[in-house]
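Topology and contacts: notes
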Protein chains: 2
Amino acid sequence: MPSKPKAIVLLSGGLDSSTCLYWAKSKGYAAHALAVSYGQRHLREINAARAVAKAAGAQFTHVTLELPWLATSSLVNKKAKLPAIPLSRIGKEGIPSTYVPGRNLLFASLAASLADSLGAQAIVIGANALDYSGYPDCRPEFYKALRLAAVRGTRFADGGTLKIFTPLINLDKAGIARLARRLKVPLELTWSCYAGGKTPCGVCDSCKLRAAGFDRAGFPDPAL
Amino acid sequence: MPSKPKAIVLLSGGLDSSTCLYWAKSKGYAAHALAVSYGQRHLREINAARAVAKAAGAQFTHVTLELPWLATSSLVNKKAKLPAIPLSRIGKEGIPSTYVPGRNLLFASLAASLADSLGAQAIVIGANALDYSGYPDCRPEFYKALRLAAVRGTRFADGGTLKIFTPLINLDKAGIARLARRLKVPLELTWSCYAGGKTPCGVCDSCKLRAAGFDRAGFPDPAL
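With respect to the overall build of chain A
Helix and strand content of chain A: 6 helices and 5 strands. Order of helices (α) and strands (β) in chain A, N terminus to C terminus: β-α-β-α-β-α-β-α-β-α-α. A compact globule built from 224 residues would reach a C-alpha radius of gyration of about 17 Å, and chain A, at 17 Å, matches this within 12%. Overall, the C-alpha framework of chain A stretches about 50 × 40 × 30 Å when taken along its three principal axes. By the burial criterion, 54% of the 224 residues in chain A qualify as buried. Excluding contacts between residues fewer than 6 apart, the proportion of contacts in chain A whose partners are at least 24 apart in sequence is 73%.

Okay, here's the thing in structure tokens:
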């Protein structure tokens, strides 16, 4: 029996990326989870990522980026105040202070480098362009350009296949919650809150988007 | 007087990237040098980069990537043998063992993130498609795709200008050596050798390409 093709899944340990990990498994890939620390407030999410990868039977690699300039983001700078705006305004007030400059470009480059090194055939990223926070690197046109750069900037330029999947890009949070349930994602292990306390804060953009998603999907969030 | 536009220059401390730094200055940019350690054999090049940046009056940022999978490259894995093949075969035997998976994609993503954070308008990369070692991420078509990904994956997606310059891409090493002399690059501070001894080894691909360049340019290498 030929071995399964490998897929690198960027895994934060939140709802979206955990759903991507199980999506990759459901598509027949041997999933290799890549978690990246970059000084974000919630190291707790790395522990969630590790637990989700273990539950999925996926390989797990964790790397740390120490990039001093990322402190411009309120997600990294612990002295900055996290935004707490009404749900209806999220994603509509320009790029929020939680934006990390070029984050998904960096993450995808790390994944492409790992894919090149392992001979993986796919990268899976949980970007989402609907219920999102207004980040430029969550838009479909970015991923189209990214694929070409990732292929041309690696061994895949000379042959082989490298796909970039963003299976959630056109789903709303309710759709993601439903997909997660269908794929049997261990939702109780996931962590989406930006604040990183013992329990989700309930007021950051990420908590609000997640709560509204489960609300519309019509079933309770197993992580609460 | 309006302040100069900023350019992020990826600086390894070698001939090519040092020439790029002085090229950016000559084009009216306030240069910000970015040096990246990734476990390469020659930490010595970081010291060269710092010295060249200082001589150019450029800001200098040094970051370290600890990516365990890069050990597949003989440039990173200290137990691997560096290739030493005849000059005429360099770049003609497929991708060499010194290839670091997705290196320039990673480097450019770091530069794009820094550019996004600082509001810089340009990224300068010393890639070179002629006298090169056969790396896929040194080809012009990669940089075209990269620019689109870098713009779409950052704040520049919503406006502003981000250029990616590869001023050496169509020069041979002799041409680079001549350009470096014209731009008054402090060549005696630069370091190109892959091996990282006290003096350049003279037998690695990088030493051979550099020596042949100065030879054809018709003047001695001030670093020797």
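There's plenty left to go through after this.
A short note on the interface of chain A and chain B
Taken together, the contact pairs 35 residues of chain A with 34 residues of chain B. Looking at the side of chain A that touches chain B, the elements with two or more residues in it are strand 3 (59–64), helix 3 (103–118) and helix 4 (140–152) of chain A. Of the residues assigned to the side of chain A that touches chain B, the class counts are 19 nonpolar, 9 polar and 7 charged.

Observations concerning the packing of helix 5 (residues 173–182) of chain A against helix 6 (residues 205–217) of chain A
All names here are of chain A. As a packed pair, helix 5 and helix 6 sit with axes 7 Å apart at the nearest point and diverge in direction by 70°. As the angle between them shows, helix 5 and helix 6 are arranged roughly perpendicular. For the element pair helix 5 and helix 6, the recorded crossing hand is right-handed. Facing helix 5, whose interface residues are Lys173, Ala174, Ile176, Ala177 and Arg178, helix 6 presents Leu209, Arg210, Ala212, Gly213, Phe214, Arg216 and Ala217. Along the lines of polarity and charge, the residues of the contact of helix 5 with helix 6 split into 7 nonpolar, 1 polar and 4 charged.

Observations regarding the relation of the copies chain A and chain B
With an RMSD of 0.0 Å, chain A superimposes on chain B once it is rotated by 180° and translated 0.0 Å along the axis. Between the two chains, the operation in question is that of a two-fold axis.

Section: the packing of helix 1 (residues 15–26) of chain A against helix 5 of chain A
If you want to describe how two helices pack, look at the angle between their axes and the distance between the axes. All names here are of chain A. Relative to each other, helix 1 and helix 5 sit at 40°, their axes nearing to 10 Å. Put simply, helix 1 runs oblique to helix 5. When the axes of helix 1 and helix 5 are compared, the crossing they make is left-handed. Taking contact as the criterion, the partners of Leu15, Asp16 and Thr19 in helix 1 are, on helix 5, Ile176, Leu179 and Ala180. Partitioning the contact of helix 1 with helix 5 into residue classes produces 4 nonpolar, 1 polar and 1 charged.

Re the sheet that holds strand 1 (residues 6–10) of chain A
Residue and element names in this part refer to chain A. One open sheet accounts for 5 strands, arranged 3-2-1-4-5; its pairing is parallel. Each edge of the open sheet is held by one strand with a lone partner, namely strand 3 and strand 5 (163–165). This sheet shows a mean twist of 20° between the axes of neighbouring strands, independent of strand direction. Here strand 4 (residues 122–124) runs beside strand 5; their pairing, made up of 3 bridges, is parallel. Directly across from Ala122, in strand 5, lies its bridge partner Lys163.

Cut-offs used in this document
Residues numbered from 1 in each chain as written. Chains lettered and ligands numbered in written order. Predicted model: local features only at pLDDT ≥ 70, side-chain atom pairs only at ≥ 80, totals over all residues. Helix = DSSP H or I, 4+ residues; strand = E, 2+ residues; numbered from the N terminus. Rg over C-alpha atoms; globule rule 2.2 N^0.38 Å. Buried ≥ 20, exposed ≤ 12 C-beta atoms within 10 Å, placed from the backbone. Contact = placed C-beta atoms within 7 Å. Nonpolar A, V, L, I, M, F, W, Y, C, P; charged D, E, K, R; others polar. Axes fitted to C-alpha atoms, helices over the stretch in contact; angles between N-to-C directions. Parallel < 35°, antiparallel > 145°, perpendicular 65-115°, else oblique. Left-handed = near helix turned anticlockwise from the far one by under 90°. Least-squares fit on C-alpha atoms with pLDDT ≥ 70 in both. Pairing = 2+ DSSP bridges.

Functional significance is not addressed by these values, which are geometric in nature.
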